[in-house]
Amino acid sequence: MKPVSLHDLSRFRGELMGVAMLAVMMFHVGFTRHDTFWFCVNRCGNVGVDMFLFLSGIGLWYAWTKAPSLGEGWGRLPLFYRRRFQRIYPAWLMLSSLYYIPLYIKGKFTLWQTVGNVLIGWRLWSGFVDEFWFIPMILVFYLVAPFYMKLIQNRPVWRWLPLVAMVFCVLLQYWKPLNTSLGHLEILFSRVPIFLLGINAGLWVKEERQLPADALWLLLLTFVLSLGVCVNFENGLRGRFPLFLERMVYIPLSMSALLLLSRAFSRAPQWLLKTLAFVGSLSLELYLVHVNFVLKYLRPLDLGFWLTLLLMTAASLALAWLVHRLLSLLIKQ
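The following paragraphs examine the structure supplied in this document.

Conventions adopted
- Residues numbered from 1 in each chain as written.
- Predicted model: local features only at pLDDT ≥ 70, side-chain atom pairs only at ≥ 80, totals over all residues.
- Heavy atoms only, no water.
- Helix = DSSP H or I, 4+ residues; strand = E, 2+ residues; numbered from the N terminus.
- Contact = heavy atoms within 4.5 Å.
- Phe/Tyr/Trp six-rings, centres within 6.5 Å; stacked < 30°, edge-to-face > 60°.
- Buried < 20%, exposed > 50% of the residue type's maximum accessible area, 1.4 Å probe, protein only.
- Bend = angle between axes of the 7 residues up to and from the residue.
- Patch = residues over 30% accessible without salt bridge, like charges linked within 9 Å, V, L, I, M, F, W, Y side chains within 5 Å.
- Areas by Shrake-Rupley, 256 points an atom, 1.4 Å probe, with all protein chains shown as cover.
- Salt bridge = Lys/Arg side-chain N within 4 Å of Asp/Glu carboxyl O.
- Polar contact = N/O pair within 3.5 Å; in protein donor to acceptor, adjacent residues only side chain to side chain.
- Disulfide = S-S within 2.5 Å.
- Axes fitted to C-alpha atoms, helices over the stretch in contact; angles between N-to-C directions.
- Parallel < 35°, antiparallel > 145°, perpendicular 65-115°, else oblique.
- Left-handed = near helix turned anticlockwise from the far one by under 90°.

## Let's talk about the side chain of Ser254
Moving on, step 1. The residue Ser254 is located in helix H14 (residues 243–265) in this model.
Moving on, step 2. Not counting chain neighbours up to four residues away, the residues in contact with Ser254 comprise Val47, Asp50, Met51 and Ile194.

## Considerations on the packing of aromatic side chains
Moving on, step 1. Inspection of the entire model under this criterion finds 18 aromatic pairs.
Moving on, step 2. A ring pair is formed by Tyr142 and Phe195, whose centres lie 6.5 Å apart and whose planes are at 40 degrees; its orientation type is tilted. Linking Tyr142 in helix H8 (residues 134–154) with Phe195 in helix H12 (residues 192–206), this pair joins segments that are 53 residues apart in sequence.
Moving on, step 3. The exposure class of Phe195 is buried, given its relative accessible area of 2%.
Moving on, step 4. Members of the aromatic cluster, each reached through a chain of ring pairs, are Trp92, Tyr99, Tyr100, Phe109 and Phe132.

## Focus: helix H16 (residues 283–298)
Moving on, step 1. In H16, a bend of some 55 degrees at His290 exceeds every other bend along the element.
Moving on, step 2. For H16, the tally of buried residues reaches 13 of 16 residues, placing the bulk of the element in the interior.

## Topic: a nonpolar patch on the surface
Moving on, step 1. Residues Leu93, Ile101, Tyr104, Ile105, Leu111, Trp112, Val115, Leu119, Ile120 and Trp122 make up a contiguous nonpolar surface patch of roughly 1000 Å² in combined accessible area.
Moving on, step 2. Those elements that provide at least two residues to the nonpolar patch are helix H5 (77–105) and helix H6 (111–120).
Moving on, step 3. No other element matches H6, which puts 5 residues into the nonpolar patch.
Moving on, step 4. Since its relative accessible area comes to 40%, Trp122 is described here as partly exposed.

## Regarding the environment of Arg247
Moving on, step 1. Note that Arg247 resides in helix H14.
Moving on, step 2. Measuring from C-alpha to C-alpha, the distance between Arg247 and Phe168 comes to 13 Å, with 79 residues separating the pair along the chain.
Moving on, step 3. Beyond its immediate chain neighbours, meaning those up to four positions away, Arg247 contacts Asp50, Glu186, Ile187, Ser190 and Arg191.
Moving on, step 4. Here the side chain of Arg247 touches Glu186 through a polar contact of 2.6 Å, side chain to side chain.

## Describing the pattern of salt bridges
Moving on, step 1. Counted according to the given criterion, the structure contains 5 salt bridges.
Moving on, step 2. Residue Arg11 pairs with Asp8 through a salt bridge whose shortest N-O separation is 3.5 Å. Within this pair, Arg11 and its partner Asp8 are both found in helix H1 (residues 8–11), separated by 3 residues, close to a single helical turn.
Moving on, step 3. A salt bridge links Arg191 to Asp50, with the shortest nitrogen-to-oxygen separation between them at 3.3 Å. On the criterion of sequence distance, the pair formed by Arg191 in the loop between helix H11 (186–189) and H12 and Asp50 in helix H4 (residues 47–65) is long-range, its members being 141 residues apart.

## Topic: the state of the cysteines
Moving on, step 1. For the coordinates displayed, the defined rule picks out 0 disulfides.
Moving on, step 2. We note that Cys169 lacks a disulfide partner, and the nearest cysteine sulfur, in Cys230, lies 15 Å from it.

## Some details on the packing of H4 against H5
Moving on, step 1. Packing of H4 against H5 leaves a shortest axis separation of 10 Å and a crossing angle of 140 degrees. Taken together, the axes of H4 and H5 lie oblique to each other. For the pair H4 and H5, the sense of crossing is right-handed. Contact residues: H4 offers Leu60, Ala63 and Trp64, while H5 offers Leu77, Phe80 and Arg84.

## A word on unusual backbone geometry
Moving on, step 1. With a phi close to 55 degrees, Glu208 is a non-glycine residue in the positive phi region.
Moving on, step 2. Within the element layout of this structure, Glu208 appears in the loop between H12 and strand E2 (210–211).
Moving on, step 3. Positioned with a positive phi, Asp302 is a non-glycine residue whose angle comes to about 55 degrees.
Moving on, step 4. Considering the arrangement of structural elements, one finds Asp302 in the loop between H16 and helix H17 (305–332).

Shown next, in the form of C-alpha cells:
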C-alpha cells in the first residue's frame, strides 16, 4: 500500500467540499424512515458542516502563509479580510435580503430585527438557529483565524488549543452560569475545535507530509467506529443526549472521512471529480439557496427522499450558478 498523502486534502479540496455540501443537502431533505442506511446517508449528513470547516481551516493557512509579496506579520491582514469578505458577504447580503425582507413585510420581524438579520445574522446571535446560521458563524471564525495562525506561528505549543476548545464545550453544557449566558451559541462553540484542527493541519498539508501506509487501517477503524456512534445516536437516541456530544464525534468522523475520500479520489474517474469540484465551487451559493429558495417549495409535494433530493440538487445548482455569475460581474464592476 502507498503512504497516505496529506497533500491530497489540498489537491482534491474542491471535490471534498462538493461532497461536504451534498451531505448537508441530503441532511436537510429530511423525511422519516427507520433503517441504518437512512441514518448513514441522511441524518448523519450534518457532518458535512465539520468537513467543510476542516477544509476551510486548511485553505486559510494556505492563504495566510503563501503570499510573501504582501509582507510579513500583520501587513497582509487587510487583504486577507477583503478576500474573505468579497467571497462571502455579497452573496450573503443578496440572499438574506431576499429571504428576510419579505418576512418583514409579512410582519414576522420588526424593522430592526430585519436589519440585524440581513447585516450580521442576528437570528443566530439571539439564539434562533435557522437555515442561514452557518454564514455569520464562519464570518466570525474568519475574523479571528489570523490571530490564531499568527499565535501558532510564534508559539507552536498553542496548536493544542483545539483540546481546550473541546473541554470548553463540556463546560458550556454543564456549568450553569456559562450555559445561561452562552448556551444558545452551542452550535458555534462545538464547531471551534474542528476549525482550529483544520488550520493546524494546513502546515502538514502544505509541506506535503505523508502518513505511513498502515495508517490507512487506523483511518478505517476511526471512520467505522465514529460513524457507528453517530448512527446509534441518531437511531433512537435523538433528544436523549446533549447535541455537542455528537458534534465531538463528528471531529474524528469528518477527518477520517476526508482522508479516506482524498485517497479514493486519486483513482476516481475524471467526470466524477469534475462534477464534485463544480459543486464545491458553488458551495456558498448552494448553502444559501437550497433550503429557503428551493426545498421549501418541494417539501409540500411529498415526492419522497430521493426524487426530492434530485430535484432540489438540480434546481439549486442552476440557481447557485446564476447567483455566482451575477455577483462575479457586479464585484468586477
